[in-house]
Amino acid sequence: MTSPKLSTSPGKGAPPSTPAATVAPNAARSARTFRTKARRTRRSTPLTIAMLAALAYFLLPLFWLLIASTKSTQDLFNSFGLWFSHAPQLWANIRATFAQDDGVFLHWLLNTVVYAVVSAVGAALLAAAGGYGFAKFRFRGDRVAFNLVLGAVMVPTTALAIPTYLLFAKAGLVNTPWAVILPSLVNPFGLYLMRIYAEDAVPDSLLEAARIDGAGEVRIFLRIALRLLGPGLVTVLLFTLVATWNNYFLPLIMLNDPDLYPVTVGLSSWAAQAQNGGAGSSSDMLALVVTGSLLSIVPLVVAFLMLQRYWQSGLAAGGVKQ
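Just so you know, these numbers come straight off a predicted model, no measurement behind them. (Residues numbered from 1 in each chain as written. Predicted model: local features only at pLDDT ≥ 70, side-chain atom pairs only at ≥ 80, totals over all residues. Heavy atoms only, no water.)

**Focus on helix 7 (residues 161-171)**
And step 1. Buried within helix 7 are the following residues: Ala161, Thr164 and Phe168. Angular distribution of buried residues about the axis of helix 7 spans 60°; they occupy a single face of the element. Facing away from the buried side of helix 7, by more than 90 degrees, are the exposed residues Leu166, Leu167 and Lys170. (Buried < 20%, exposed > 50% of the residue type's maximum accessible area, 1.4 Å probe, protein only. Helix = DSSP H or I, 4+ residues; strand = E, 2+ residues; numbered from the N terminus. Arc of directions from axis to C-beta.)

Next up, the structure:
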């Protein structure tokens, strides 16, 4: 007795089978079409215009500074501001800037590097220690103390300049490098930022394991917490570095010796000489001020390019919950 043969042809109600070889290309094509449509729907002309306007707002002054640094004082007034003159002289301006007043500009630049680096490193370490303490320890009055820190963020630094000068005058620290470095070590915003970052970046279980192993609190902070706080530490360091590098009012009232000037106050003194006018070297002083301004921002650009990857990793780490 023979068994009936099974029919392999599709029934009337069953759809025809699709070869597997054609499914993958169709799915990939559909995914590409969906992504293309999504990109098109996400585009916004007003947002694009706003971003281009913001880009021009930030980059146009830098472009003007670069162009102006290639001109003489006469060309600064007689040529178009956003394009080169007929006789660019960038290297001549750079040499004249470093040679002016027996090379005092290089001395100002080195002073600024010392002030900014020492202040940035010290402020970052203090902010990391304070933020870690507020985040991982509970003590009497911790909320009141942290609210005082938040209140200090709202106080402008210019309002504290005169009281700071009076205190440093009593201590005999006026006209010394410490008059610029010590006030820059206090960074309330950096402490607030490090507290928020430490709450998620440093697990409590890791601290408890270290305490069980017999590690002290100082060793835990230096060997464990400080490494986990690295991206936030770099962020505070960059903020303090830029703030101290661009600080003008505090060094202006604290320092009287031109050999201690940072580059901001030094270039301001050159600009005052240029405004006073006259013949001789001061007639070309404006070109030196512009060239010195360009040279003064180069270290900041280099610092951002070197440290931005740590900053970006810190932002990514803070946006993902473990």
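Text resumes after the structure shown.
**Describing the confidence of the model for the protein**
And step 1. Taken residue by residue, the protein gives an average pLDDT of 83. The fraction at 70 or more is 81%.
And step 2. No element of the protein has a lower mean pLDDT than helix 1 (residues 20-42), at 56, and none a higher one than helix 5 (residues 104-136), at 95.
And step 3. Between residues 1-15, whose pLDDT stays under 50, and residues either more than four places distant or in other chains, the model counts zero contacts.
And step 4. Low pLDDT, under 50, characterises residues 316-322; the predicted model gives this stretch two contacts beyond four residues in sequence or across chains. (pLDDT = per-residue confidence, 0-100. Contact = heavy atoms within 4.5 Å.)

**Some details on a nonpolar patch on the surface**
And step 1. Residues Leu52, Leu55, Tyr57, Phe58, Leu59 and Leu62 make up a contiguous nonpolar surface patch of roughly 680 Å² in combined accessible area.
And step 2. Residue classification places Leu59 among the partly exposed positions, given a relative accessible area of 45%. (Patch = residues over 30% accessible without salt bridge, like charges linked within 9 Å, V, L, I, M, F, W, Y side chains within 5 Å. Areas by Shrake-Rupley, 256 points an atom, 1.4 Å probe, with all protein chains shown as cover. Salt bridge = Lys/Arg side-chain N within 4 Å of Asp/Glu carboxyl O.)

**Quick word on the packing of aromatic side chains**
One pair of aromatic rings is described through two measures. These are the centre distance and the angle between the planes.
And step 1. All told, the structure shown has 11 aromatic pairs when counted by the stated rule.
And step 2. Where Phe105 meets Trp270, the ring centres are 6.2 Å apart and the plane angle is 25°; that geometry is what we call stacked. Of the two residues, Phe105 sits in helix 5 while Trp270 sits in helix 14 (residues 263-276), which places them 165 residues apart along the sequence. There is no split in this pair, since Phe105 and Trp270 are both buried.
And step 3. Taken together, a centroid distance of 6.1 Å and an interplanar angle of 50° make the contact between Phe189 and Phe239 tilted. Remark: Phe239 occurs in helix 12 (residues 230-245) and Phe189 occurs in helix 9 (residues 188-201); sequence separation between them is 50 residues.
And step 4. Residue Phe239 is classed as partly exposed on the basis of its relative accessible area of 35%.
And step 5. Taken together, the aromatic side chains of Phe98, Phe105, Trp108 and Trp270 make up a single cluster linked through ring pairs. (Phe/Tyr/Trp six-rings, centres within 6.5 Å; stacked < 30°, edge-to-face > 60°.)

**Overview of helix 4 (residues 90-99)**
And step 1. All of the buried residues along helix 4 are Asn93, Ile94 and Thr97. Seen along its axis, helix 4 keeps its buried residues to an arc of 100°; they face one direction. When the buried face of helix 4 is taken as reference, the exposed residues oriented beyond 90 degrees from it are Trp91, Arg95 and Ala99.
And step 2. Once helix 4 ends, the next one or two residues include Asp101, with phi positive near 55°.

**Section: the packing of helix 5 against helix 14**
And step 1. Interaxial distance between helix 5 and helix 14 falls to 8 Å at its minimum, and their mutual angle equals 150°. The angle between helix 5 and helix 14 places the two elements in the roughly antiparallel class. Contacts between helix 5 and helix 14 involve Val104, Phe105, Trp108, Leu109 and Thr112 from the first element and Val263, Gly266, Leu267, Ser269 and Trp270 from the second.
And step 2. Partitioning the contact of helix 5 with helix 14 into residue classes produces seven nonpolar, three polar and no charged. (Axes fitted to C-alpha atoms, helices over the stretch in contact; angles between N-to-C directions. Parallel < 35°, antiparallel > 145°, perpendicular 65-115°, else oblique. Nonpolar A, V, L, I, M, F, W, Y, C, P; charged D, E, K, R; others polar.)

**Concerning the pattern of salt bridges**
And step 1. Inspection of every chain in the model, using the stated rule, returns four salt bridges.
And step 2. The salt bridge involving Lys136 is made with Asp204; its shortest N-O contact spans 2.9 Å. Here Asp204 lies in helix 10 (residues 204-212) and Lys136 lies in helix 5, a separation of 68 residues in the sequence.
And step 3. The structure contains a network of salt bridges with shared partners spanning Glu208, Arg211 and Glu217.

**Considering the nonpolar core**
And step 1. Core analysis: the biggest nonpolar cluster contains 32 residues, and Phe105, Met254, Leu255 and Trp270 have the highest contact counts within it.
And step 2. Elements with a contribution of two residues or more to this core: helix 5, helix 7, helix 8 (178-184), helix 12, helix 13 (249-254), helix 14 and helix 15 (285-318).
And step 3. When residues of this core are assigned to their parent elements, the largest contribution, seven residues, is made by helix 5.
And step 4. In this view, Trp270 contacts Thr97, Gln100, Asp101, Val104, Phe105, Trp108, Met285, Leu288 and Val289; residues no more than four positions away in its chain are not counted.
And step 5. Counting 19 residues, the second largest nonpolar core, distinct from the first, contains Ala124, Ala201, Leu207 and Val236. (Core = buried A, V, L, I, M, F, W, Y, C linked by side-chain atoms within 4.5 Å.)

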